[in-house]
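Chain residues, written in single-letter form:
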Amino acid sequence: MRIEYDNKKDIEDILNLPYTSNYTIDKEGSSNKLFYGDNFDALNIMINELDLSGEIDLVYIDPPFSSNNIFKIGEKSNTISSSNDDAIAYTDTLKDEEYLEFIRERLVLLHKLLSDKGSIYFHIDYKIGHYIKIIMDGIFGSENFRGDISRIKCNPKNFKRKGYGNIKDMILFYSKTDDYIWNFPTVPFTEEDIARLYKKIDENGRRYTTVPVHAPGETKNGDTSAMWKGMYPPKGRHWRCSPKELDKLDKANLIEWSKKGNPRKKIYADDMKKKGKLMQDIWEYKDPSCPKYPTEKNIEMVKKIILSSSNPESTILDCFCGSGTTVIAAQELGRNWIGVDESEKSIEIIQNRLNNVKRGLYDYDKSYEFITIDK
């Protein structure tokens, strides 16, 4: 499926568009980089001057949403302001085909920068997000679409409007290939989860549930098709582990036998609580109530993305850096990072946050190259 509009360029034409290549670097030598300038120029500099093609394992971007707004920062509040005297954080006035091509040009460059094990998370809203998905299908391939995450961003509002209240936005998740980094993210079980999923209680008061000790599919050779305790797996199935391992489970009182002599494996709630439950595609990460920058996103959400789709040696890229939440999250998690923004106010906030970032559980280099692109 393709989306067509006037002045849509071929991918090769985008890769050969002219860009500003003049820049200065302060504090050379760090793998962390903060660009001050247009992100189209910065991405081209990464590709053509710094030789970073295929070096980025994770991209998270939260670009303008084509909202037709000018976002300002008030003197006493970092929320959106309408005062003529307040500083402009950024403008979001591109619309329709012009906006889509603006985004598409940058996605083409990001695809080139991504490693073969890399992923991209594109944070967008419901008004424009479905157009962006078609564009991303064309660049990354529909077969590399990994998910559409619904992010609950705020509490319900009691606005009187013809329509449903909007409390969510969306994150489009793509990989570059099918061999991408994936660390199986989990979230804690709630007490309601435990009560619902682990309804049985043993003689020691521990909650548990049971699962079959066999699984679909027959095996002609090997232990998992052999007899155990005088029985074979049911027709069309095989033991989940060898009879020897089943004996160990039974000896440890981890097999529950029904009155009819059918075995099931015990799964205890307290063991599973340590592991957590696998994360699903509806997230509740509400935006900060006192943001440092308009549209600032929840740092715990960004950290979850980084932990899910990168490794400690990975480099994380955000070319719409805004308040710098992505680079701060990457810094605190011990990852290398690259951030880009053309807003002077954004760069000021990012640098202040970097100066005050607290060391977490990971060791990291607080230094970074500050790269200014000539206008």
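Here, every reference points to the structure presented above.
Residues numbered from 1 in each chain as written. Predicted model: local features only at pLDDT ≥ 70, side-chain atom pairs only at ≥ 80, totals over all residues. Heavy atoms only, no water.

### Points about the layout of surface pockets
If you add up the space inside the second largest pocket, you get close to 240 Å³. The wall of the second largest pocket is formed by 14 residues, among which Arg2, Lys8, Arg104, Gly138 and Ile139 lie closest to the centre. The residue inventory of the lining of the second largest pocket, partitioned by class, reads six nonpolar, two polar and six charged. (1 Å grid on protein atoms, 1.4 Å probe; cavity = no way out; pocket = protein on both sides within 12 Å on 5 of 7 lines; lining within 4 Å. Points joined across faces, edges and corners; volume = space filled by probe spheres on them. Nonpolar A, V, L, I, M, F, W, Y, C, P; charged D, E, K, R; others polar.)

### Digging into the pattern of salt bridges
Once their charged atoms are close, side chains differing in charge can pair, the charge on each being opposite to the other. By the definition in use, this model includes 23 salt bridges. Here Arg151 ties to Asp287 by a salt bridge, and the two come within 2.6 Å at their closest N and O atoms. You can see Arg151 sitting in strand β7 (residues 145-152) and its partner Asp287 sitting in the loop between β17 (282-284) and α8 (299-309), a full 136 residues away along the chain. One salt bridge connects Lys277 with Asp193, and the closest N-O pair in it is separated by 2.6 Å. Of this pair, Lys277 sits in strand β16 (residues 277-278) while Asp193 sits in helix α5 (residues 191-197), placing them 84 residues apart in sequence. Classification of Lys277 as partly exposed rests on a relative accessible area of 27%. You can call Asp193 buried: its relative accessible area is 7%. (Salt bridge = Lys/Arg side-chain N within 4 Å of Asp/Glu carboxyl O. Helix = DSSP H or I, 4+ residues; strand = E, 2+ residues; numbered from the N terminus. Buried < 20%, exposed > 50% of the residue type's maximum accessible area, 1.4 Å probe, protein only.)

### Comments concerning α8
Where burial is concerned, most of α8 is hidden: eight out of the eleven residues are buried. For α8, the complete set of buried residues consists of Met301, Val302, Lys303, Lys304, Ile305, Ile306, Ser308 and Ser309. Capping the start of α8, Asn298 holds a side-chain oxygen 2.8 Å from the backbone nitrogen of Glu300, two or three residues further along. (Polar contact = N/O pair within 3.5 Å; in protein donor to acceptor, adjacent residues only side chain to side chain.)

### A few points about the side chain of Ser175
Inspection of the secondary structure puts Ser175 in strand β8 (residues 168-175). Taking the relative accessible area as the measure of exposure, Ser175 reaches 0% and is therefore buried. Only 2.9 Å separates the side chain of Ser175 from the side chain of Arg146, close enough to count as a polar contact. A distance of 2.6 Å separates a polar atom in the side chain of Ser175 from the backbone oxygen of Thr177.

### With respect to the state of the cysteines
Tallied over the full model, the rule gives zero disulfides. Among the cysteines around Cys319, which has no disulfide bond, Cys321 carries the closest sulfur, lying 8.8 Å off. Assessed through its relative accessible area of 2%, Cys319 is described here as buried. (Disulfide = S-S within 2.5 Å.)

### Brief notes about the pairing of strand β6 (residues 114-124)
In terms of burial, β6 is largely enclosed, as nine of its eleven residues are buried. Bridge count for strand β3 (residues 56-61) against β6 is five bridges, and the pairing is parallel. Directly across from Val59, in β6, lies its bridge partner Ile120. Two elements, β6 and β8, share six bridges in a ladder whose sense is antiparallel. Across the sheet, the residue bridging to Ile120 is Tyr174, located in β8. (Pairing = 2+ DSSP bridges.)

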